[in-house]
Amino acid sequence: MRSFSLLISLVLLGFGVVGFCNAELRKNFYKETCPLAEEIVKNITWEKVASNSTLPAKFLRMHFHDCFVRGCDASVLLDSTANNTAKKAAVPNLSLSGFDIIEDIKAQVEKTCPGVVSCADIVALVARDSVSFQYNRSLWEVLTGRRDGTVSLASEALANIPAPFFNFTTLKQSFANKSLTVHDLVVLSGGHTIGVGHCNFFSNRLYNFTGKGDADPSLNTTYAAFLKTKCQSLSDNTTIVPMDPDTPLSFDNNYYQILKLNEGLFQSDAALLTDKGASNIVDELLSSDKFFTEFAQSMKRMGAIEVLTGTQGEIRNKCNVVNS
């Protein structure tokens with residue numbers, strides 16, 4: 001889960017190309033320069049996910065948080081320095097994990113093709129491959145050719161990553177800032193079918209929704225009672241609960257089923273039902289086939305946000321530091 005504006009200038013889905021200025025993302029970008037790159041990424045990712053079923057949610061969220069801040073340029077991977085607090089250290093990103101696996105994959109790719117494959121492409125591929133492991137096939141196409149950014153600012157993360165407290169108006173604007181539509185907003189929110197939420201990001205809905213010690217009236221009362229057994233105070237910032245209480249480790253369209261039951265965990269989930277257009281899209285995505293088709297297209301659009309291509313940026317040698 002930055003400007004979410006310089007973005008998708010052209011999408012030529014028929015040719016599998018997303019064009020930006022004079023450079024482009026495309027299918028099989030590394031076919032000549034590193035033909036085994038995508039296979040290496042997938043093999044290591046699937047090996048890791050086979051022994052840790054929580055990883056798909058983590059990598060999907062990492063990709064989302066990367067793209068919404070300065071575009072999909074792997075700046076979320078950069079460590080802070082003595083002179084700069086990187087976006088990895090911003091509050092919305094403190095619970096991100098899996099960086100070590102990204103570094104392992106990068107190291108293996110570097111052994112095969114030094115200085116060729118960007119960390120930004122690895123993040124995009126790992127997000128796709130980790131989620132796809134469950135189905136033993138790729139769930140969406142990842143165009144490649146991204147380059148790595150050299151700037152990472154914690155302040156930009158705070159300003160650009162949509163918050164779980166957002167209402168529909170602020171969510172819509174946050175996505176519009178990245179040239180994404182309400183349709184993309186509703187579809188990509190379906191990523192909440194896997195992963196967990198920390199109590200402190202939704203406990204106000206249980207205990208103090210309007211500042212009067214009240215609960216959010218839009219939250220299913222039975223579900224709220226269950227959540228109170230997990231999150232027993234507003235001060236609990238360590239307990240986690242599944243965002244999808246029914247199938248928390250399965251990537252499916254159950255998120256929309258629970259939304260219709262008013263069991264969306266975050267205020268930003270419930271907000272999707274407060275707009276007629278968005279609510280209609282929720283209804284459409286109750287079809288599993290429709291969800292998978294639309295998710296693939298929205299991920300492709302998100303993965304193209306403000307990308308660096310051509311000679312922009314760099315190809316990092318290690319993903320957590322810029323080249324010297």
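Structure: see above.
Remember, predicted model here, so these are calculated numbers, not experimental data.

Cut-offs and rules
Each chain has its residues counted from 1, running along the sequence as written. It should be noted that, the model being predicted, local features are given only for residues of pLDDT at least 70 and side-chain atom pairs only at 80 or more, the latter also being counted only at that level, while totals for whole chains, interfaces and linings use all residues. To obtain the side-chain values, all non-hydrogen atoms of the structure were used and water was disregarded. Numbering of helices and strands starts at the N terminus; helices are DSSP runs of H or I of at least 4 residues and strands are runs of E of at least 2. Only C-alpha atoms enter the radius of gyration; for comparison, a globular chain is expected to reach 2.2 Å times N to the power 0.38, where N is the number of residues. Only protein chains enter the accessibility calculation, which uses a 1.4 Å probe; a residue whose area is less than 20% of its type maximum is buried, one above 50% is exposed, and one in between is partly exposed. Accessible areas in this description were obtained via Shrake-Rupley with a 1.4 Å probe; residue shielding takes into account the shown protein chains only. The sign given to each residue is positive for Lys and Arg and negative for Asp and Glu; His and the chain ends receive no count. By convention, the point assigned to a charge is CZ for Arg, NZ for Lys, CD for Glu and CG for Asp. We call a pair of cysteine sulfur atoms a disulfide whenever their separation is within 2.5 Å. Only C-alpha atoms enter the line fits that serve as axes; for helices the fit covers just the stretch in contact. Angles between N-to-C directions range over 0 to 180 degrees. Here roughly perpendicular refers to angles of 65 to 115 degrees, roughly parallel to angles under 35, roughly antiparallel to angles over 145, and oblique to all remaining angles. Take the far helix as your reference; a near helix turned counterclockwise from it by less than a right angle gives a left-handed crossing, and one turned clockwise gives a right-handed crossing. Only heavy atoms enter the contact rule, under which two residues are in contact if any of them lie within 4.5 Å. Throughout, the ten residues Ala, Val, Leu, Ile, Met, Phe, Trp, Tyr, Cys and Pro are labelled nonpolar, Asp, Glu, Lys and Arg are labelled charged, and all others, Gly among them, are labelled polar. Residues enter a patch when their relative accessible area is above 30% and they make no salt bridge; the linking distance is 9 Å between like charges and 5 Å between nonpolar side chains (Val, Leu, Ile, Met, Phe, Trp, Tyr). One speaks of a salt bridge when a side-chain nitrogen belonging to Lys or Arg is within 4 Å of a carboxyl oxygen belonging to Asp or Glu.

Visitor: For this particular structure, what's the right way to read the overall build of the protein chain?
Guide: Within the protein chain, the regular secondary structure consists of 13 helices and five strands. In summary, the protein chain has a C-alpha radius of gyration of 19 Å against a globular reference of 20 Å for 324 residues, a match within 12%. Per-residue burial for the protein chain yields a buried fraction of 52% across its 324 residues. For the protein chain, the accessible area works out to roughly 14000 Å², and carbon and sulfur atoms hold 53% of it. The averaged location of the 33 negative side-chain charges in the protein chain is 2 Å from the averaged location of its 30 positive side-chain charges.

Visitor: Quick question: what am I supposed to make of the state of the cysteines here?
Guide: In protein structure, a disulfide is the covalent linkage between the sulfur atoms of two cysteines. What the rule picks out here adds up to four disulfides. Covalently, Cys199 is tied to Cys231 through a disulfide, its sulfur atoms 2.0 Å apart. An S-S torsion of about -70° defines the bridge between Cys199 and Cys231 as left-handed. You can see Cys199 sitting in the loop between strand 4 (196–198) and helix 8 (204–207) and its partner Cys231 sitting in the loop between helix 9 (221–230) and strand 5 (240–242), a full 32 residues away along the chain. The burial state of Cys199 is the same as that of Cys231; both residues are buried.

Visitor: Would you mind showing me how to read the packing of helix 2 (residues 55–67) against helix 4 (residues 119–132) here?
Guide: The packing of two helices is summarised by the inter-axis angle and the distance between the axes. Where helix 2 contacts helix 4, the axes come no closer than 8 Å and their chain directions differ by 150°. In terms of axis orientation, helix 2 runs roughly antiparallel to helix 4. As helix 2 packs across helix 4, the resulting crossing turns out to be left-handed. In contact with Leu55, Pro56, Phe59, Leu60, Met62 and His63 of helix 2, helix 4 contributes Val123, Ala124, Val126, Ala127, Ser130 and Val131. When the residues that make up the contact of helix 2 with helix 4 are grouped by side-chain class, the tally is 10 nonpolar, two polar and no charged.

Visitor: Quick question: what am I supposed to make of a nonpolar patch on the surface here?
Guide: Taken together, the side chains of Val91, Leu94 and Leu158 present a nonpolar region at the surface, about 320 Å² in accessible area. Val91 sits in the exposed class, given a relative accessible area of 52%.

Visitor: Is there a simple way to explain the packing of helix 6 (residues 168–176) against helix 7 (residues 182–189) in this structure?
Guide: Their axes nearest at 9 Å, the elements helix 6 and helix 7 cross at an angle of 105°. Judged by the angle between their axes, helix 6 and helix 7 are roughly perpendicular. Residues Phe168, Leu171, Lys172 and Phe175 of helix 6 form the contact with helix 7, whose own contacting residues are Val182, Asp184, Leu185 and Leu188. Across the contact of helix 6 with helix 7, the residue classes tally to six nonpolar, no polar and two charged.

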